[in-house]
Amino acid sequence: MDIRVQELEFDAGVELARFTAASGSAGAIVTFTGIVRDTPDGDLDRMEIEHYPGMTERALGEIAQKAQDRWDLSNLLILHRFGDLKTGETIMMVATASRHRVAAFEAAEYLMDYLKSRAPFWKKEFTKSGATWVASKRDDEDALNRWKP
Amino acid sequence: MIDVMYFAWVRERIGLPKEQIETSAKTVMDLVEELRGREERYALAFEDLASLRVAIDQELTEFDAPLAGAREVAFFPPMTGG
């Protein structure tokens, strides 16, 4: 299990190769990479990600533990950045490894759903017309309901 | 003494990331009422509690949670990770 919260940019390809090498006899690896996208108007200057040091690591640890309790995973990665990011840069990545693909897919979706609305990160977009905090989406909150027992 | 922390637009509205508060508030809600009464910027930050989340000692909780024994309380908007 590898959980990292960092300012530094990372290479998703390098991370995947490292994760695969550390995942033993996994038959399936699923990864998701989040990229900073431009606004529909194409005027994004940069994005700033704020987090709550201490609580972030704790929340991610709990989310990862719940995923491991629920699915048979041989490895799990959560990598999330904070600070200043430009369009096209990687924001975050999750990876799950399991003997079977269903577990790997489901666990990756679970991690993303919880990360979206339970990990203390906040995004602020800086465009030519000003700065705005990205609002949480009702859909993101609804997405958690499908994992309720 | 309790450490009170603010993040994202809550931090911007209040104008600081963190402060120490001497309080006898029994619940988070009592603390919110106390802060609201202080100055306009607090009243503005705590205007709509439905758009806020709270954590006690880095665990998400509810506004009616007791503050007894708490060292750190944080207020912030709904998270937008991922």
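Heads up: these notes are all about the structure in this document. (Residues numbered from 1 in each chain as written. Chains lettered and ligands numbered in written order. Predicted model: local features only at pLDDT ≥ 70, side-chain atom pairs only at ≥ 80, totals over all residues. Heavy atoms only, no water.)

## As for the side chain of threonine 96 of chain A
Residues and elements named next belong to chain A.
- Within the fold, threonine 96 resides in strand E6 (residues 90–98).
- Residue classification places threonine 96 among the buried residues on the basis of a relative accessible area of 0%.
- Among the polar contacts listed, one links the side chain of threonine 96 to the backbone oxygen of alanine 104, at a separation of 2.7 Å.
- Leave out the neighbours within four places in its chain, and threonine 96 touches Phe19, Ala28, Ile29, Val30, Leu73, Asn75, Ala104, Ala107, Ala108 and Leu111. (Helix = DSSP H or I, 4+ residues; strand = E, 2+ residues; numbered from the N terminus. Buried < 20%, exposed > 50% of the residue type's maximum accessible area, 1.4 Å probe, protein only. Polar contact = N/O pair within 3.5 Å; in protein donor to acceptor, adjacent residues only side chain to side chain. Contact = heavy atoms within 4.5 Å.)

## Brief notes about the sheet that holds strand E1 (residues 2–6) of chain A
Residue and element names in this part refer to chain A.
- Strand order in this open sheet of 4 strands is E1-E4-E6-E2, and the pairing throughout is mixed. Two strands close off the open sheet at either side, each with one partner strand: E1 and strand E2 (28–35). Strand-to-strand twist in this sheet, taken as the mean axis angle between neighbours without regard to direction, amounts to 5°.
- In this sheet, strand E4 (residues 73–81) lies alongside E1 in parallel orientation, the contact comprising 5 bridges. Bridging across to E4, isoleucine 3 finds its partner in isoleucine 78.
- Contacting E1, E2, E4 and E6, helix H1 (residues 12–21) crosses the sheet at an angle of about 20° to E6. (Pairing = 2+ DSSP bridges. Axes fitted to C-alpha atoms, helices over the stretch in contact; angles between N-to-C directions.)

## Overview of unusual backbone geometry
Residues and elements named next belong to chain B.
- For alanine 8, which is not glycine, the phi dihedral falls at a positive 55°.
- The topology assignment puts alanine 8 in helix H1 (residues 8–14).
- When its relative accessible area of 0% is taken as the criterion, alanine 8 is described as buried.
- One non-glycine residue, aspartate 57, lies in positive phi territory at about 45°.
- Residue placement: aspartate 57 occurs in the loop between strand E3 (53–56) and strand E4 (59–61).

## Focus on the interface of chain B and chain A
- In this complex, chain B contributes 20 residues to the contact, which on the side of chain A involves 26 residues.
- Inspection of the chain B/chain A interface yields 3 salt bridges.
- One salt bridge in this structure joins glutamate 50 of chain A and arginine 11 of chain B, with 2.4 Å as the shortest N-O distance.
- The interface formed by chain B and chain A contains 14 residue pairs in polar contact (both at pLDDT 80 or more).
- Going through the elements one at a time, H1, E4 and strand E5 (72–76) of chain B are the ones with two or more residues in the side of chain B that touches chain A.
- Broken down by element, the side of chain B that touches chain A gets its largest block of residues, 4 residues, from H1 of chain B. (Salt bridge = Lys/Arg side-chain N within 4 Å of Asp/Glu carboxyl O.)

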